[in-house]
Amino acid sequence: MFGKILVVDDEAAIAEIIQYNLTREGYEAKIAHDGKECLDIVEKEDFDLIILDVMMPKIDGFTVLKEIRKEKNIPIIMLTAKEEEVDKILGLELGADDYVVKPFSMRELTARVKAILRRCDFEMENSENPEVIEAGDLVIDLNKYEIKKRDKVIDLTLREYELLKFLASNKDQVFSREELLEEVWDYDYYGDIRTVDVTVRRLREKIEDKDKEFKYILTKRGVGYYFGG
């Protein structure tokens, strides 16, 4: 389950602590100290996950996130300031897969890293079993991690893909936000349920027809979400 991780934080002490602890867990961890350096490294090297601070010199974390998302769907965990609740939502809106609030414990951050990479490993291990889910105009190819709508490929982040896959695999079954946090985000952490709401909103923007009632990701008022298809 080991992987290559890029840690991006302008505070050298924090970046080095994260690097040290990830290395102890068996990961290969590299450091970038600002947004520009991060983009330069990502252009030249492949990573399994990026830990990205929001507040950085030269290029801030949100801009870096947007630039990376133009080309790659690398899982990204954002590091946000405790008092800036808006940072969490904005990061998710821009395509972050998860966030950790400063100050954080290394145990919590490591748990998030393991959960995301474990999910990626699980998908790779099961890619030998061909499976396609078809619903309306959507085709979800579980081997290729590919979503098509009317034969057009739709780019999704890891969390968006996992959420769609999970709901589509359990058609018509309603899940609460807390259940989705556990099942899709894959860690024992009942965090801010807005994480689910933001991911659902982003997913709907990509797969639902504009100016029409939602067809795929539906809401059961007062309960949660389900896949109608």
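Definitions and cut-offs
- Residues numbered from 1 in each chain as written.
- Predicted model: local features only at pLDDT ≥ 70, side-chain atom pairs only at ≥ 80, totals over all residues.
- Heavy atoms only, no water.
- Phe/Tyr/Trp six-rings, centres within 6.5 Å; stacked < 30°, edge-to-face > 60°.
- Buried < 20%, exposed > 50% of the residue type's maximum accessible area, 1.4 Å probe, protein only.
- Lys NZ or Arg CZ within 6 Å of the ring centre and 35° of its normal.
- Helix = DSSP H or I, 4+ residues; strand = E, 2+ residues; numbered from the N terminus.
- Arc of directions from axis to C-beta.
- Polar contact = N/O pair within 3.5 Å; in protein donor to acceptor, adjacent residues only side chain to side chain.
- Pairing = 2+ DSSP bridges.
- Axes fitted to C-alpha atoms, helices over the stretch in contact; angles between N-to-C directions.
- Contact = heavy atoms within 4.5 Å.
- Core = buried A, V, L, I, M, F, W, Y, C linked by side-chain atoms within 4.5 Å.

The chain appears in an unreviewed UniProt entry as Two-component system response regulator VicR from Peptoniphilus stercorisuis.

Novice: Just give me the short version of the packing of aromatic side chains, but keep the residues and values in it.
Specialist: Taken as a whole, this structure holds two aromatic pairs when the rule is applied. Measuring from ring centre to ring centre gives 4.7 Å for Phe 166 and Phe 175, while their planes differ by 55°; the resulting arrangement is tilted. For the pair Phe 166 and Phe 175, a shared accessibility class is recorded, and that class is buried. The aromatic ring of Phe 47 is capped on one face by Lys 4, whose charged end is 4.9 Å from the ring centroid.

Novice: Quick one: what's the story with helix H3 (residues 61-71), residue by residue and with numbers?
Specialist: By the burial criterion, the buried members of H3 are Gly 61, Phe 62, Val 64, Leu 65, Ile 68 and Arg 69. When H3 is viewed along its axis, its buried side chains cluster within an angular range of 155° and face the same direction. Exposed side of H3, more than 90 degrees from the buried face: Lys 70 and Glu 71 are the residues found there. The backbone nitrogen of Phe 62 lies 2.9 Å from a side-chain oxygen of the residue at the head of H3, namely Asp 60.

Novice: Can you lay out the sheet that holds strand E2 (residues 28-32) for me, pointing to particular residues and giving the numbers?
Specialist: Each strand in a sheet pairs with another by means of backbone hydrogen bonds, the pair being arranged parallel or else antiparallel. The strand order across the open sheet built from five strands is E2-E1-E3-E4-E5, with neighbouring strands paired in parallel fashion. Strands with a single pairing partner mark the edges of an open sheet, and in this sheet they are E2 and strand E5 (98-102). Between one strand and the next, the sheet's axes are offset by a mean angle of 20°, whatever the strand orientation. Helix-sheet contacts for helix H2 (residues 35-44) involve strand E1 (4-8), E2 and strand E3 (49-53), and the interaxial angle to E2 is about 135°.

Novice: Outline the nonpolar core, supporting the account with residue identities and numerical values.
Specialist: Of all hydrophobic cores here, the largest spans 27 residues; its most connected members are Leu 164, Leu 180 and Ile 217. For this core, the secondary structure elements donating two or more residues are strand E6 (132-135), strand E7 (138-141), helix H6 (158-169), helix H7 (177-184), helix H8 (194-207) and strand E12 (224-227). When residues of this core are assigned to their parent elements, the largest contribution, six residues, is made by H6. The residues touching Leu 180, leaving out its near neighbours within four places in the chain, are Leu 163, Phe 166, Leu 167, Phe 175, Trp 185, Val 196 and Tyr 225. Counting 23 residues, the second largest nonpolar core, distinct from the first, contains Leu 6, Ile 41, Leu 52 and Leu 65.

Novice: Account for the pairing of strand E8 (residues 146-149), naming residues and giving values.
Specialist: Here E8 shows a clear split, with Ile 147 and Lys 149 buried on one side and none of Glu 146 and Lys 148 buried on the other. Two elements, E7 and E8, share four bridges in a ladder whose sense is antiparallel. By the bridge assignment, Val 139 is partnered in E8 with Lys 148. A loop of four residues connects E7 with E8, the two strands running antiparallel in sequence, and Tyr 145 in this loop sits at a positive phi of about 55°. When E8 meets strand E9 (residues 152-154), the two strands line up antiparallel, connected through three bridges. In the strand pairing of E9, Lys 149 is matched with Lys 152. Connecting E8 to the next strand, E9, in antiparallel fashion are two residues, including Arg 150 with a positive phi near 50°.

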